[in-house]
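# Examining the three-dimensional arrangement
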Amino acid sequence: MTPRIFISRDAGALALGADEVERAIIAAEQHRGLKIEIVRTGSRGLFWLEPMIEVATPEGRIAYGPVQASDVEALFDAGLLDGGPHALRLGKPEEIPFLKRQTRLTFARCGIVDRLSPQDYRAHGGFVGLEKAISLGPTATIEEVVNSGLRGRGGAGFPTGIKWRTTAQASAAQKYIVCNADEGDSGTFADRMIMEGDPFVLIEGMAIAGIAAGATKGFVYIRSEYPHAIEILGRAIVIARREKLLGANILGSAYDFDMEIRVGAGAYVCGEETALLDSLEGKRGVVRAKPPLPAHKGAFGMPTVVNNVISLATVPIILAEGAAAYRDFGLGRSRGTMPIQLAGNLKYRGLFEAAFGVTLGELVDDIGGGTATGRPIRAVQVGGPLGSYFPRALFDTPFDYEAFTAKNGLIGHGGVVVFDDTVDMAKQARFAMEFCSIESCGKCTPCRIGSTRGVEVIDKIVRGDRRPENLALLTELCETMKLGSLCALGGFVPYPVTSALTHFPEDFGIARSGAVVAA
Amino acid sequence: MPSFEDWSAPRAADIIAAHTHRQGAALPILHALQEAFGHVPHDAVPMVALALNLSRAEMHGIVTFYHDFRDTKPGSHVLKLCRAEACQSMGADTLAAQARQHLQIDWHETTGDGRTTLEPVFCLGLCACAPAAMLDGKVHGGLDEKRLAALLAQARQP
């Protein structure tokens, strides 16, 4: 049998040299007179070990990493193709603790399958959910998704099944499924990974949503910063049409569904669903007031389901395994698993899919192994640029929508960014306001102007310019932005600012007791 | 290294016509124009407006809303440095200062010799490989001073 080497071609692996490794392997194959089959996969999500390669052996796959092109000859000399010993040998990937501790449902295939092979996809459980949805019909499919407890993984956490039901109940000549792949939050990359590593699961999820809601057309709005995801998903869509996963009478059923990719243009606010819809329609990406809900009046004025990539990519396994099997994971009102993204200054960083309930401390200290720089962790920002900064005192917070809300935080899209003790929290608070001023769509005055005033006021506080008055002003400004903005950009940017102020006052020149230190 | 076409109204008209039939055609058209010309030329804006039955002012509003669309050609190389939080936590601010110092330009600017454009980017989704950058569409992670210096040298090539 031809030896098989699996190479992760996720953008993260490419950024760390996977292309060069692949070229070195092909060169070694040629000059050693070997015949090797190279399988291009997504990433397992263990980015400190990327570029990671795996070789198929009779005992299963054996991983090596992080591999540089210069290591390849030595790896072949060490018997790479038989899983031979080498300093970079990691053993079976599924035995690596970071992976072993996970519950991979949404990411079950990512990093394992040939990402563009429908045969491989089917062999690993693909299409089962779609076949189930076709046999169940729209109403029962919606009930499965409702019963699974799946909530929007983009950040808002709204029950996915309810969105579907609302759209299904609306009557219109045309309905749409819009996939929000405008993953702009720093610290998040789950959407990118699944689109690059298992694109068919998203296509399958969208087709199921189409059947359920009565929509025949889908759009995936992908940010332009993700050229690899755009390319891979685009190729997968072409293959899916050939495989009858898309088009008329999908998988031989009475349902029609097709989809296309739309590329964003660098506006963060287009991750907000109504701004996304305006952008999709070819307008400025300005936030709309709700109601009307997109489910009633969405893309091009038609009833539209807008779901995040991960929500849609989770639907196939819910249908395949049943709502109860998914709902059994998690706690409280947060059911199932969450692909948590461990990012920034961590020793072990990557994708960690687990049932809701793991604490922040477990995530960063234990699973993440502390900082990459070896210094103490000082702050952790959860939920992207609009998420709160948590100090160690809050590390017992379980990863759960409600638990984070109770601590004035949010889990958002599941991004966790760790900072060591060199971080200046006043600078981070200023950055949050600055980012908002750059990315505001301009519709709401508190966001458009308040963010600029916020930068100025923080500068004054740090400088020691009338500190007590300016602190009061900043607090009031944050309150105004929170209450006076239509969407989460202006409405949530006070979270990083006030959490930095509350938990790290000394960085603003304020004593822990709350007393304002004169400059 | 990208090479761009010189402005040609008939060519722009062809590009616009290829997408006009699509729903919400504005962004696909603007992306296609920028891919061909390296930017969205001023002369193309009224053409797109006409094709989409929008006023020039509306079209101008759309083009300028999005960070991606340029109104001038970029340099021969475009270096995008991620400035978002995950990269900041791994020293992106220091690297940004190094890049600006080396190139002697600020964000969104192009060096006098037309070789290098420096752009900020807010997240490349490489947050587990921070700090990250993109040079001429190719991604780079785990940057430090030395690796950035190598990228800068590449970005200075004619």
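Computed from a predicted model, the values in this text were never measured in an experiment.

### Description of the interface of chain B and chain A
Often, the extent of an interface is quoted as the loss of accessible area on bringing the components together. Every contact between the two is made by 40 residues of chain B and, on the other side, 63 residues of chain A. Between chain B and chain A, a total of about 3,700 Å² is buried, with carbon and sulfur atoms accounting for 57% of that surface. The largest contributions to the chain B side of the interface with chain A come from Gln23, Phe65 and Glu85 of chain B, which together make up 18% of the buried area. Residue Asp93 of chain B is joined to Lys427 of chain A by a salt bridge in which the shortest nitrogen-to-oxygen separation is 2.7 Å. Counting across the chain B and chain A interface gives 27 residue pairs in polar contact (both at pLDDT 80 or more). Elements represented by at least two residues in the side of chain B that touches chain A include exactly helix H2 (26-37), helix H4 (56-65), helix H5 (85-88) and strand E4 (138-140) of chain B. Residue composition of the side of chain B that touches chain A, grouped by class: 20 nonpolar, 13 polar and seven charged.

### Observations regarding the domain arrangement of chain A
Residues and elements named next belong to chain A. The assigned domain composition of chain A is domain 1 (4-100), domain 2 (118-327), domain 3 (330-420) and domain 4 (425-508). Summarising the inter-unit geometry, the C-alpha centres of domain 1 and domain 2 are found 33 Å apart. Counting residues at the interface gives ten residues for domain 1, matched by six residues for domain 2. For the pair domain 1 and domain 2, the summed buried area comes to about 550 Å², and 60% of that belongs to carbon and sulfur atoms. For the domain 1 face of the interface with domain 2, the top three residues by lost area are Asp10, Ala11 and Phe47, together amounting to 53%. Taken together, domain 1 and domain 2 are joined by one salt bridge. If you look at where domain 1 meets domain 2, you find two residue pairs in polar contact (both at pLDDT 80 or more). Split by residue class, the side of domain 1 that touches domain 2 holds three nonpolar, four polar and three charged.

The rules we used
Each chain has its residues counted from 1, running along the sequence as written. Here chains are named by letter from A upward and ligands by number from 1 upward, in the order in which they appear as written. Predicted model: local features are reported for residues with pLDDT of at least 70 only, side-chain atom pairs are reported and counted for 80 or more only, and whole-chain, interface and lining totals are derived from all residues. In computing side-chain properties, one takes all heavy atoms of the structure into account and sets aside hydrogens as well as water. Note on definitions: a residue-residue contact is assigned when non-hydrogen atoms from the two residues lie within 4.5 Å. Summed over both partners, the accessible surface that disappears when two parts come together, traced with a 1.4 Å probe, is what is meant by buried area. Here, a salt bridge means any Lys or Arg side-chain nitrogen found within 4 Å of an Asp or Glu carboxyl oxygen. N or O atoms closer than or at 3.5 Å make up a polar contact, with two conditions inside protein: a donor-capable atom paired with an acceptor-capable one, and, for residues adjacent in sequence, both atoms drawn from side chains. Going along the chain from the N terminus, every DSSP run of H or I of four or more residues is numbered as a helix, and every run of E of two or more is numbered as a strand. Each residue gets one of three labels, nonpolar for Ala, Val, Leu, Ile, Met, Phe, Trp, Tyr, Cys and Pro, charged for Asp, Glu, Lys and Arg, and polar for the others, Gly among them. The split of the chain into domains comes from an automatic or database domain assignment.

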